[in-house]
Structure formats: structure tokens, C-alpha cells
Amino acid sequence: MLKLLNRWREEAEKAGRRIERITVAFEAGRDGFWLARWLRARGIEAHVIHASSVAVSREHRRAKTDRLDTELLKRALLGWLRSERDHCKMVAIPTTKDEDAKRPSRERQSLVGEQTRIVNRMKAALIRLGIRGFNPKLKKAAGRLEDLRTPEGEPIPPNTLAELHRDMQRRRLVSDQIRQIEEARLERMEQAPGDRPHAMVRLIARVIGVGIETADMLVHEVLSRKLRDRRAVARYAGLTGAPDESGSKRREKGLAKAGNARVRGGMIQLAWRFLLFQKNSALAQWYRTRTEGGRNRKTIIVALARKLLIALWRLVTTGEVPAGVVLRAA
């Protein structure tokens, strides 16, 4: 790539045009951001285009080739470089350290999902035999499998029994890995307590109802980013609406879901938990006022999640404690 860029520069200089700026852009994809960092380290201005921000033709059948796609991206890039609005949006290029800081939380989320799938598979295998009320997550569960009996009084068939033993070993391995991730995170926080992300995690975890895992996810996914204002915070989390207005028609199509899915899902879960642990806070009272009679609870909980995320963003950036929120001792 560098040879190609240098060749184009030399060809332009031979034609009497001095090139002082080279800009390269590509769509965000599976390769991540290593190429953009590699280009910037070699003096090339690199940008990563948010793939869904480029407007395309809405025709049911349209011509689509690499050449046409390249021309479309080129026009979008030139419009963005001229500071014209709505041509496209660029993704913030994180450092390797920033990307690596997200891995423990994301790996833990994946392992928790895998653990749930294993437990559900074991329960389904037992229910097929008519065995209910057995908890495969108990420490002594593996030793009790041989004593289980079907409603006909028969033991568990040998192949199913071997499968259950393998699933239990797999679940113990996943559980140990989750514990290792959590212990390593606490150890890093103790070793570098003055690190800004770690300080932000400890501050958010002081809010009663917010745990270390949720605080760590929020800090590394959204709160440690340089966001312009509260609207940018809500928009990044995908907690903004999608209005549909045309002539006299006015309707709301729900969440735009264009932001970070992990933050969106985590904030909606945290909003429900916040109502249990912070009943006297101003945000909880606002929710109860809007949902008197049990109406629109699911709609208003998304609004509460948006307000709560903005309140936590203000807490870590300006130190402003949300009204009525109770904090743990430092």
C-alpha cells in the first residue's frame, strides 16, 4: 500500500503538482483499526468510515460493483473532508491499549452466555427423561447423577450420563475462567488505583445498585470516550428514538439501535435494578410519576436508562452526584 501511495505521489509531482496531504479511508469491518493505526504511524492521514452512515440507493434492484461502491465512498469522503453534513460519519480510532481494556468485560459476557447455554442443555436433557428439580450448578451435582432415576425407576442411560458429565466439566471450566477474569480485574485496579479508568470504575461502583462488572463495562465502552455532550452520550448508547414524520403523519418507531448494543442492554438492565436500590432518587420518582397506573413501563424504562447514563457520565466527568442517589463509603 505504501508503494502504491508513494507511486501516486511521484506521478503527481512529475506532472507538476506537489502533494502535501494524503488521506486514506475505508469502511469499518472485521479487520478492526490496526490498518488505520499503521498508516497514521507512517504519516498517512487515515479515517474509518461508519459503514451504516453512508446513504445508498433504496431501489429494490440496483447495480452494485466494487467500482460503484468505491465511487460512492469517495464522494462521501470528499464531502466529509469539506465539512459538509450527513455525507458519512467517521469512527473514532482507538489505541491498542483502549481496545485491549475492553476485552475482559466482553470475554466475561461471552463466557456467561456460554455457561447459561450449558446449564440449559443439561436441564433439557434431564427433562426429556422426566427428571425435574435437579440443579446442575451445585458443587455435588456430578456425584448425584448416578443416583437419579426416571419416573419409570430407571437410571440415566449411559450415553446421556456421559454427556452430562462432560457438560458439567465444561461448565466448571467456564466458571473458573469467569472467576479468573474477575480476580485479574480487581488485581489490576489495586496495582494502579490512580489510573483514570480505574478511578472512574471505583466511583461508579460506589452507587448502590451498580456492581464492578457493570461499572467496568460502562467505563471502557462509553464513559472513557471523549463525547461532546449528553446527546452524544445517549446517541452512542443507541438510547435515542427514531421518529417517523411525513406530512400530517407523526409516529415513533422506537429505539434507533444504532449505537453500542452492549451499553444499551446493560443500561436497560441497570435501570430496572436502579428502581430497586435507589427508590428515593429523583430519577426513580420521575419514573414512578410517568408510570402511574402501570402504563408505558417498558417505554419509560428506556427513557430512564438514557437519563441514568447521562447522570453517570456527569458523575465521572464533573463529579456531580445525581439528586437523591445514595453512595457507598469511599
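Note that the structure is predicted; figures quoted are calculated from it, not measured.

As for the side chain of D216
In step 1: Looking at the secondary structure, you find D216 in helix α8 (residues 212-223).
In step 2: Overall, the relative accessible area of 5% leaves D216 in the buried class.
In step 3: Leave out the neighbours within four places in its chain, and D216 touches S105, R185 and V201.

Brief notes about the packing of aromatic side chains
Two descriptors summarise a pair of aromatic rings, namely the distance from one centre to the other and the angle between the planes of the rings.
In step 1: Under the definition given, this model contains 1 aromatic pair.
In step 2: Aromatic side chains W272 and Y287 sit 6.4 Å apart centroid to centroid with 80° between the ring planes, which places their arrangement in the edge-to-face category. A residue pair is termed long-range when its members are at least 10 positions apart, and W272 in helix α10 (residues 261-277) and Y287 in helix α11 (residues 282-290) qualify at 15 residues.
In step 3: With a relative accessible area of 32%, W272 lands in the partly exposed category.
In step 4: Note that K307 overlies the ring of W286, its terminal NZ or CZ placed 5.0 Å from the centroid.

Details of the pairing of strand β2 (residues 45-49)
In step 1: For β2, the tally of buried residues reaches 4 of 5 residues, placing the bulk of the element in the interior.
In step 2: When strand β1 (residues 23-27) meets β2, the two strands line up parallel, connected through 5 bridges. If you follow E27 over to β2, its bridge partner there is I49.
In step 3: With helix α2 (residues 34-41) bridging β1 and the parallel β2, this β-α-β connection has right-handed handedness.
In step 4: As paired strands, β2 and strand β3 (residues 90-91) are joined by 2 bridges and run antiparallel to one another.

Looking at α10
In step 1: End to end, α10 covers 24 Å across 17 residues, agreeing with the expected 24 Å (1.5 Å per residue, within 8%).
In step 2: Those residues of α10 not exposed but buried are V263, R264, G266, M267, L270, A271, F274 and L275.
In step 3: The inward-facing, buried residues of α10 contact α8, β5 (249-255), α11 and α12 (297-318).
In step 4: The N-capping residue of α10, defined by a side-chain oxygen 3.0 Å from the backbone nitrogen of R262, is N260.

Here's the deal with the sheet that holds β1
The strands making up a sheet associate through backbone hydrogen bonding, with each pair oriented either parallel or antiparallel.
In step 1: The 3 strands are arranged β1-β2-β3 in an open sheet whose pairing can be described as mixed. Among the strands making up the open sheet, the edge pair consists of β1 and β3.

Here's the deal with the packing of α10 against α12
In step 1: Between α10 and α12, the shortest axis-to-axis distance is 8 Å and the interhelical angle comes to 100°. It follows from the interaxial angle that α10 and α12 lie roughly perpendicular. Residues V263, M267, I268, L270, A271, W272, F274 and L275 of α10 touch α12, and the partners they reach there are R297, I301, V302, L304, A305, L308, L309 and L312.

Description of the side chain of R264
In step 1: Mapped onto the elements of the fold, R264 is located in helix α10.
In step 2: Discounting residues that sit within four places of it in the chain, R264 has contacts with A237, G238, L239, L255, K257, A258 and G259.

What about the layout of surface pockets?
In step 1: If you add up the space inside the largest pocket, you get close to 1,600 Å³.
In step 2: Lining the largest pocket we find 42 residues, and of these H50, M90, V91, R225 and Y236 sit closest to its centre.
In step 3: For the lining of the largest pocket, the secondary-structure elements that each account for two or more residues are β2, β3, α4 (96-128), α9 (230-236) and α10.
In step 4: The element best represented in the lining of the largest pocket is α4, accounting for 4 residues.
In step 5: Taken together, the residues of the lining of the largest pocket sort by class into 16 nonpolar, 10 polar and 16 charged.
In step 6: Taken as a whole, the second largest pocket spans an internal volume of roughly 690 Å³.

Analysis parameters
Residues numbered from 1 in each chain as written. Predicted model: local features only at pLDDT ≥ 70, side-chain atom pairs only at ≥ 80, totals over all residues. Heavy atoms only, no water. Helix = DSSP H or I, 4+ residues; strand = E, 2+ residues; numbered from the N terminus. Buried < 20%, exposed > 50% of the residue type's maximum accessible area, 1.4 Å probe, protein only. Contact = heavy atoms within 4.5 Å. Phe/Tyr/Trp six-rings, centres within 6.5 Å; stacked < 30°, edge-to-face > 60°. Lys NZ or Arg CZ within 6 Å of the ring centre and 35° of its normal. Pairing = 2+ DSSP bridges. Right-handed = clockwise from strand over helix to strand, strands pointing away. Expected span 1.5 Å × (residues − 1). Polar contact = N/O pair within 3.5 Å; in protein donor to acceptor, adjacent residues only side chain to side chain. Axes fitted to C-alpha atoms, helices over the stretch in contact; angles between N-to-C directions. Parallel < 35°, antiparallel > 145°, perpendicular 65-115°, else oblique. 1 Å grid on protein atoms, 1.4 Å probe; cavity = no way out; pocket = protein on both sides within 12 Å on 5 of 7 lines; lining within 4 Å. Points joined across faces, edges and corners; volume = space filled by probe spheres on them. Nonpolar A, V, L, I, M, F, W, Y, C, P; charged D, E, K, R; others polar.

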